[in-house]
Amino acid sequence: MGYLSQRKKSERESFFLKISSIIFVLLTIISFIPIRCATFPDILFHFYFLNFVLFIYSFFVGRLLYVGIFLVLFIINFFHISAYANIFFNNKVDSIYELPINYTSEAQNDLSATDVSILRSGYIELSSKEQTKFWLVEKNNHVFNIIRINFSKLSSSERKRAFRLLTSYVATQDNPLIIYGYFGEAAWSDNMRAFLKKTGLKVKNHLIFAEKGARFNPFVLPKFYVLGFSNLGVKQIDIIAPQNKEYPNISLLLGFN
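Notes on the structure in this doc start here. (Residues numbered from 1 in each chain as written. Predicted model: local features only at pLDDT ≥ 70, side-chain atom pairs only at ≥ 80, totals over all residues. Heavy atoms only, no water.)

## Re the pattern of salt bridges
Here's step 1: Here the structure, examined in full by the defined rule, presents eight salt bridges.
Here's step 2: Residue Arg63 pairs with Glu13 through a salt bridge whose shortest N-O separation is 3.3 Å. Of this pair, Arg63 sits in the loop between helix H2 (44-60) and helix H3 (64-82) while Glu13 sits in helix H1 (residues 3-31), and the two are 50 residues apart along the sequence.
Here's step 3: On the basis of relative accessible area, Arg63 is assigned to the buried category, the value being 17%.
Here's step 4: Measuring nitrogen to oxygen at the nearest pair gives 3.5 Å for the salt bridge that ties Asp115 to Lys139. With Asp115 in the loop between strand S1 (97-103) and strand S2 (117-124) and Lys139 in strand S3 (residues 132-139), this pair connects stretches of sequence that are 24 residues apart. (Salt bridge = Lys/Arg side-chain N within 4 Å of Asp/Glu carboxyl O. Helix = DSSP H or I, 4+ residues; strand = E, 2+ residues; numbered from the N terminus. Buried < 20%, exposed > 50% of the residue type's maximum accessible area, 1.4 Å probe, protein only.)

## Side note on the packing of aromatic side chains
For any pair of aromatic rings, the description consists of the separation of the ring centres together with the inter-plane angle of the planes.
Here's step 1: Taken as a whole and judged by the stated rule, the model has 21 aromatic pairs.
Here's step 2: Measuring from ring centre to ring centre gives 5.1 Å for Tyr48 and Phe74, while their planes differ by 15°; the resulting arrangement is stacked. Taken together, the residues span a long stretch of sequence, with Tyr48 in helix H2 and Phe74 in helix H3 at a distance of 26 residues. For the residue pair Tyr48 and Phe74, the accessibility class agrees, reading buried in each case.
Here's step 3: With a centroid separation of 6.1 Å and an interplanar angle of 90°, the aromatic rings of Tyr103 and Tyr180 are classed as edge-to-face. With a gap of 77 residues between them, Tyr103 in strand S1 and Tyr180 in strand S5 (residues 177-182) connect regions that are remote in the sequence. (Phe/Tyr/Trp six-rings, centres within 6.5 Å; stacked < 30°, edge-to-face > 60°.)

Such coordinate-based values are descriptive only and should not be taken to indicate function.
Structure representation (structure tokens):
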């Protein structure tokens, strides 16, 4: 490659990295502003991943200034997301006991373990479009209130109301809670962030990129979560490929003390 070609290539790289760094600095700032574009939280993880790609690219082409910029942005965005969700790994505890739960198309099949005693079950009225099932169960002399969430049919305003009602319900409970299922939003969305902050619950599972008809799609928003308090962890997650365009069955093995 001749000198002029190399110079033009270098100028194109510099221009691309300069524009990209400016855009990513601005978007990083916007991501921390409470009032922002409603769709931005939906792409926050993919924005974080693209940030990583640009960091690798700038390192590959030897632009150390931009390596530093994208590294700083990468760290900021990593902690922004991981403050509300576990990106790569489940949250585990040094547990003595185990509790298996399945997320299936039929809620009555979710608790299949024979050594789990169901003390009471019923429904919580969070929305007119979807019944929210709960079980009060006993396992190894520990009592849990387990709540199954499916907000897939709710609009944004309906989910906001459902989160508000669920927050009020959680505040009335004395037993440890396990809340799992399809929340319809990412853990870093405004509704989920407010819910987690008010209830003190934590996300226990790594990000799950499942959708109807596919057990994994890296381009979808992760919306399946397991929530609990400090004595609860996730030992194992198995995602079974769905049939007939349904949401995948998700098998959970929880650990608790």
